[in-house]
Each structure stands twice: as C-alpha cells, then as structure tokens.
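Examining the three-dimensional arrangement
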Amino acid sequence: MSGNKSRLKAIQEITSAKPFETEMTQPLKKIWACDVFGLHQMEESLSKSAFKAIKKTVQSGAVLEPSTADIVAAAMKDWAMSKGAKFFSHIFYPMTNATAEKHDGFIITNSDGTCITEFTGSLLIKGEPDGSSFPNGSLRMTNAARGYTAWDPTSPPYMMHTANGAVLMIPSVFMSWTGEALDKKIPLLRSNSAMDSAAQKVLKLMGETDIATLNSSCGAEQEYFLIDENFANARPDLLLAGRTLFGAPLSKGQQFDDHYFGAIPERVQVFMQDFEDKLYRLGIPAKTHHNEVAPGQFEIAPYFESANVAADHQQLLMTMMKITAKKHGFLCLLHEKPFAGINGSGKHVNWSVGNATQGNLLDPGHTPHENLNFLLFCGAVIRGVHKFGPLLRAVIASAANDHRLGANEAPPAILSVYLGTQLEKVFDDIKTGALHVPTSGGLMDLGLSQILQFERDPGDRNRTSPFAFTGNRFEFRAVGSSQSVSGPLVAMNTMLADSLEWIAGKLEAALSNNSNETEAVFAVLKELMEEHGNVIFGGDGYSPEWHKTAVEERGLQNIPTTADALPVLKTQEVIDLFSRTGVFTPLELASRFEVYAEQYVLSIEVEAKLVIEMATTMIFPAAISYLSSIASTGLTLEYSPPGAVAETASAMMASVEQLSEAIALDHFDTIEEHMNFLAKDVCGLMLDARASADKLETLVADDLWPLPKYREMLFIK
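From a predicted model like this one, the values you see are computed outputs, not experimental measurements.

**A few points about the overall build of the chain**
Counting its secondary structure elements, the chain contains 22 helices and 20 strands. The C-alpha atoms of the chain give 28 Å as radius of gyration, which agrees with the globular expectation for 717 residues (27 Å, within 12%). Projected onto the principal axes, the alpha-carbon positions of the chain cover approximately 95 × 80 × 70 Å. Within the chain, the proportion of its 717 residues that are buried is 54%.

Spelled out as structure tokens, the structure:
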C-alpha cells in the first residue's frame, strides 16, 4: 500500500480498535516467580548439601564444585521439562544493548534409534556461540571465531514462554577463546567484586568485624512510548531507526501538563496488566506504572535488586515489553527521542551499595552527621563523580541519547552531584571544619484537621541534576531508555571502588597518627571536599549561568555529543582506573571504544539514508501531487500556496542532495574524525531537510500527506 493510502487505512483501523482481551489477573502469590528456577525451587529439588553449596555461590560468590553443577543441571532440566521445555539457551548480553540466545535441545539419540534427554553439569557450565559475529572491537576475527558462554549461578534461570513453545533460559557470561570479555555481564561482575574488596578495607578500618559480601543494587525507571502498530507500519523511520525523522510540531502536546499521572488509556491499562503478569511470573518486581509527561509516553519501575540480577531483568523487561506490546497491537518505542518537540525517554538508574550485615551504606539515617560509614561512602561517590564525570558521560553516550541530554527535559551533559539541602550543609560544614547539627525537614502541616501530618524529607528533589541523592541512594538520571544499565553500573561501581581505595589509604594513615575514628573520618572528608567539592550543585542544571559557571569557574566538562564523549575511553586516566581495579584490560577497553564508535557511525548513517529515501519517494511526491491538484482546478487564488509548496519542496531536495554527498564521503583518517563529521555536518543537514519537510506537512492537503502525523500517533484511542 503506497502514498497516503497506508496512513488513511491505519486511521480507519484504529477508529474501531478495542482493547485486547486477556485473562483475568491471577493472584500475585500464585504467579510470583513461578517460571524461575531460584533458590526456593532449588531447595525443593536439591539435596541439602547441594542446595547449601549453590546457595553459598549465589549469595557470596563461593566456588561451586563440578559435581554439584551436575546435580543442579539434572534438577534444572526436570523442572524445565515439567513446564514444557524441550530446549535450553545460554542467554548472554553482547555489546549491542540487546540480548543473544542460541537454543540447544535436551535430546540425544541412541544407536537403536530411540532418544533420551540429557543435561549435564558440563552442558550447564559452558556453551559455544560464534565470537566473531557479535560486536567485539577486533577482539575476534572471522578466522579466529571461537567464543564461550558460561553459566552465571548468581542470576536465576527462567522459562521463556512464546507461541513457539517454552525454552529454559540460563543467564551467562560471554568471552573469547583467549579470555577477553565480549559482553556486558563480565565487567559488571568484576566491578562489583572490585567495589566489595575496597569497601571491605574501609569497613574494617572503621572497626567492623562481621562484614558480609557487599553488592551494588539497582532499580531502573523505564520510560517508553506506545503507538498503534498500524501507524508504525506506515513509518519507515519508526520501523528502522526507532524515531520519527520527520513530523510537524503538535498544536497540543504536553504544554497543559495534563498527561503526567493522568488516567491511563484503557488499551494501555490492559497492556500493562498483561505485561506485568508476565514480569511477575519471571520474578521481576514491577512496582510502579503511570502516564509520563508526554502524550503516548509511560513508565514502569521495578523494585531494587542486586545489580547483576537487576541488569539481567532490565534486558528481559525490555524484551517482554516489546513482545507484549505487539500482542496488543502496539509498537513499543524505547528510543530516547522518538518524537521532536516533546519529552524523550530516559531510564533513571537508582543505585546503592550495601550488604546483609551493615545494611544500605548510602542510607544516612536520622543523624547523617554522626553516621560515619554513610559519610565515607557518600564522600566516595562525590569524589568519583568529580574525577570520572567524563567517564559517566561516555557510558551513556549514543546517537539517540544525544537528542535529549542537555535539553529542557533531561539532565545536562555536565556531570554534577545533587545532595539536597541537609546533606549539602553537612559536607560544607565538614569542609569548613565547623560541623553543626543539621535540621530535619520538619512536619508537613496543611492546617487541615482531616489531613494527617507527616515528616517531610530533609531535602527537595532536583530533576535537573544528572546524579542526584534521593534519600538512601543516588539516581543517575542521564541514562538512555534503550540502553543496558550494565555500562552505567560498571562505571559507578568502579569509580566507587577507586574512591574507597583512596579513602582506605588516607584513613589508615590518619588512624595510625593516634586519631580517633571520628577525627580521622572528618580529616579525610575535609581533604576530599577541598579537592572534589566543586562537583556538588543544587541549583538549576538547565540554566545558561550554570553551564558557564560549571566550566569556567569549577573546571567541570561540558560534553554535548557522543563524538565528544567516547574518546574519554581512550584517556590514560580511564585506562588506569579500569586496569588497577581489574574491571577491563586495556585491550578490552579499547574494544569498547571501537564498538560504540562504530555503532554511533552506523546509527547516523542509517538515519541519513532514511531521510534521503523518505524525502525523495514519499514527501516530495506528495508535494507534487498537491501542486498538480491545485493546477487542475484552474483557479487563481489571492493566497498562493503553490508558490510556498514549490519553494519549500525545492529547499528540501537541495538539503537531500547535500546530505547524499556528505554520507558518500569516506576520506576520514580516524573514527574520531568520522564521528565529528557526522555530529557537526551530517546531523545538521538532516535537520535542514526535516525543517523543510515539516513545513510541507503544514502546507500540503491533509488527505495527500503520506506519513501518519504526530496528532494521530500520540493520542492513543
């Protein structure tokens, strides 16, 4: 179906659309984690000794004996087959922000032609996909293709049910034959280990004796758009690039602030209930859902989990969201900026650190000025963000995320820390050496007897801060909605490990000088604040004044694009950070730069080709048809739309011609040079072509326009 017929057909289909009929929601207790082979299921199916061993591995990372792996594998197979599975898969997380899986059967045949099922510890522990067919940054070549997957016992296996059957999914790491990490899970596990090691040193110096293994935790708030799939099928840009490369501004968008937390459309509510039932079956603790700020935009937020499991669950959540949306006649858009002129989507990563014995070490309690462990760990975060702010910007860099960072909707591309009024005063006092008892938030009293009073938080929130303290955790607000949370978690864990190592050295020296604990802690934090306190900022991160102050007076870096951000991964400071913590070897880090730089180049080139194709084959013909229809009337009009249409269409095609010439260039000496050309030249030409096309949308007769419009796509019926 061509021209405007596809759009008009989509409108007709949607007019009569009804919510997809689903089964009534079952009680949470009945469905919770019913498709997960977790500790509860293991305890029921394993011997006491085997269960004790696997539990120790899951909770503290202890080594698991191969004989125990055999027992676990047999029980896992029986459990999976009881749920209808004939296949298993080592699911892994390559450097694509997506997941990968290869399905293997439990079946083996006998010489007499009969078959049996088998799943041994060796099959559970190791799989073998092709290591050269995934992004690897030159770590693997076609003639050296071997790669391995290896079972990660700390993340529970689960059943994936689809229309094609059930498969046992086994979360795994992915490495090359030569041992380099080819995935996002290995660095995350390493970073957590580095953080645990450094944190143990600090806590022991603070007199703690019973210290359980420390883990970082994560709760990621996932934003997304839903549009009817009938519209998506008429938009090549949405299908292939994930965002609209053309589209005139809405007359009514989000300016009335009436969508945020508004009543959820019926079709969306049915989708959400179905989607969340699927998440509960997989043990993913979906906690909150609501309308977001922009029309057609929504959010789901799971509860906190250990970072490794949370990262796996985030990938699974995005997969299930797309599958379930399709079932309900929607296309789920995870792109950071699918529609111009309204808010894009992020994934706020809430991050904390703790263990079973000391609890959450980023919880200040009621007396934060006396909570020495909290002050040390919070100080370590402040130092880490100040020293490695450019690294944090690099790990959330992508062509898609560049569209929202720094706009009036997302945190700026300058990394700063927001602490809130109370904590900022505590750390300022530490810096000046005159600590006072901080004030609390006080009671909220509206003067209404029927409204119960409650205690206010000691500090407000700041939605313009990219890295904000929010009560008992930090919220990294600049992460993109389509991104894996593993990269940001790796950076945060590693910078924290580095800062805790620094603190441990300073603290040990102070304590050896016969200082008491409190004096030693405040001496270390005073030095820390004098050197790194410039990163703390509680004002408006969107204001031009802050941008100027941050760079010129505080020495912070403003890194606006991915082309500017990714080279940070090649700096000696970042190489040394990851090398001394054991998170990345220099070779592994170099591969990340190469992979992400290539993804940036390819993303923009795909968009540029789509702009050329759609402008030439869809939009320009619509303008010509409109001009022809007016000419055929023979009328002379005082107002002359033909002139405006012709002029605008010509301007669009001139931009398209320039764009075609630009993307044909291949004379770049380095990938950095290529990225900068795309960021500064090609993206500008794409915007020029779009400006003309969007103007044409407002001039050409509505019934001739080929692309579904914003007003049609964003207000779900």
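**Here's the deal with the side chain of aspartate 429**
By the secondary structure assignment, aspartate 429 is in helix α13 (residues 421-432). On the basis of relative accessibility, which here comes to 7%, the residue aspartate 429 falls in the buried class. Sequence-distant contacts of aspartate 429, that is, excluding residues within four places in its chain, are made with Ala434, Leu435 and His436.

**Brief notes about the pattern of salt bridges**
A full pass over the atoms with the stated rule returns 25 salt bridges. Across the pair arginine 146 and glutamate 128 runs a salt bridge whose closest N-O atoms are separated by 2.3 Å. With arginine 146 in the loop between β5 (126-127) and β6 (147-151) and glutamate 128 in the loop between β5 and β6, this pair connects stretches of sequence that are 18 residues apart. On the basis of relative accessibility, which here comes to 39%, the residue arginine 146 falls in the partly exposed class. Across the pair glutamate 530 and lysine 526 runs a salt bridge whose closest N-O atoms are separated by 2.5 Å. With glutamate 530 and lysine 526 both in helix α15 (residues 517-532) and four residues apart, the pair spans about one turn of that helix. By sharing partners, the salt bridges in this structure join Asp702, Lys709, Arg711 and Glu712 into a single network.

**Examining the pairing of strand β7 (residues 158-162)**
Bridge count between β7 and strand β8 (residues 165-176): five bridges; the pairing is antiparallel. When the bridges of β8 are listed, tyrosine 158 appears paired with methionine 169. Turn length for the β7-β8 hairpin, with the two strands adjacent in sequence and antiparallel, is two residues.

**Comments concerning the packing of aromatic side chains**
Taken as a whole, this structure holds 22 aromatic pairs when the rule is applied. Here the aromatic rings of tryptophan 32 and tyrosine 280 are separated by 6.2 Å at their centres, their planes lie at 55°, and the arrangement is tilted. Taken together, the residues span a long stretch of sequence, with tryptophan 32 in the loop between α2 (28-31) and α3 (39-45) and tyrosine 280 in helix α10 (residues 266-281) at a distance of 248 residues. Judged by relative accessible area, which is 39%, tryptophan 32 ranks as partly exposed. With relative accessibility at 18%, the residue tyrosine 280 sits in the buried group.

**A word on the packing of helix α12 (residues 372-394) against helix α18 (residues 572-581)**
The N-to-C vectors of α12 and α18 enclose an angle of 100°; their axes lie 11 Å apart at closest approach. Taken together, the axes of α12 and α18 are roughly perpendicular relative to one another. Facing Lys387, Phe388 and Leu391 of α12, the residues of α18 in contact are Glu573, Val574, Leu577, Phe578 and Arg580. Residue composition of the contact of α12 with α18, by class: five nonpolar, no polar and three charged.

**Side note on helix α19 (residues 586-631)**
One turn of an α-helix holds 3.6 residues; hence residues three or four places apart share an orientation. Counted at 1.5 Å a residue, the expected span for α19 with its 46 residues is 68 Å, and the 66 Å between its end C-alpha atoms agrees. Roughly 40° is the biggest bend found in α19, and it falls at alanine 615.

**Section: unusual backbone geometry**
Its identity as a non-glycine residue notwithstanding, alanine 33 has a phi of 55°, on the positive side. Its place among the elements puts alanine 33 in the loop between α2 and α3. On the accessibility criterion, alanine 33 (13% relative accessible area) is buried. At asparagine 97, a position not held by glycine, the phi torsion is positive, near 65°. Structurally, asparagine 97 is set in the loop between β1 (85-91) and β2 (103-105).

**Considering the side chain of serine 484**
Residue position: serine 484 is located in the loop between β20 (474-476) and α14 (486-512). From its side chain, serine 484 meets the backbone nitrogen of serine 486 in a polar contact 3.0 Å long. In this structure serine 484 touches Asn97, Lys184 and Gln315, once residues within four positions along its chain are discounted.

**Notes on α10**
Taking 1.5 Å per residue as the helical rise, α10 with its 16 residues ought to reach 22 Å, and the 23 Å between its terminal C-alpha atoms agrees with that figure. What α10 keeps buried is the set Arg267, Val268, Val270, Phe271, Met272, Asp274, Phe275, Glu276, Asp277, Leu279 and Tyr280. Phi turns positive one or two residues past the end of α10, at glycine 283, with a value near 75°.

Each value, and the rule that gives it
Each chain carries its own residue numbering, running from 1 in the written order of its sequence. pLDDT decides what is reported in this predicted model: residues at 70 or higher carry local features, side-chain atom pairs at 80 or more are listed and counted, and totals for whole chains, interfaces and linings draw on all residues regardless. Side-chain measures here rest on the full set of heavy atoms in the structure, leaving out hydrogens and waters. In this text, helices come from DSSP runs of H or I with a minimum length of four residues, and strands from runs of E with a minimum of two, each type numbered from the N-terminal end. Taken over C-alpha atoms, the radius of gyration is set against a globule rule of 2.2 Å times the number of residues to the power 0.38. Think of it in three bands: with a 1.4 Å probe and only protein chains considered, a residue is buried below 20% of the maximum accessible area for its type, exposed above 50%, and partly exposed in between. Note on definitions: a residue-residue contact is assigned when non-hydrogen atoms from the two residues lie within 4.5 Å. Salt bridges are counted wherever a side-chain nitrogen of Lys or Arg sits within 4 Å of a carboxyl oxygen of Asp or Glu. The pairing criterion is simple: DSSP has to find at least two bridges between the two strands. Pairing of aromatic rings covers Phe, Tyr and Trp, the last through its six-membered ring, and needs centres within 6.5 Å; plane angles under 30 degrees mean stacked, over 60 mean edge-to-face, and all others mean tilted. Interaxial angle, 0 to 180 degrees, is taken between N-to-C directions of lines fitted to C-alpha atoms, where a helix line uses only the stretch in contact. By the definition adopted for this analysis, an angle is roughly parallel if under 35 degrees, roughly antiparallel if over 145, roughly perpendicular if from 65 to 115, and oblique otherwise. When residue character is reported, Ala, Val, Leu, Ile, Met, Phe, Trp, Tyr, Cys and Pro are called nonpolar, Asp, Glu, Lys and Arg charged, and the others, Gly included, polar. By definition here, a helix of n residues has an expected span of 1.5 Å times n minus one. The quantity called bend is, for any residue, the angle between two axes fitted respectively to the seven residues ending at it and the seven beginning at it. Contacts described as polar in this section are N or O atom pairs within 3.5 Å, which, within protein, must combine one atom able to donate a hydrogen with one able to accept it, while residues neighboring in sequence count only if both atoms come from side chains.

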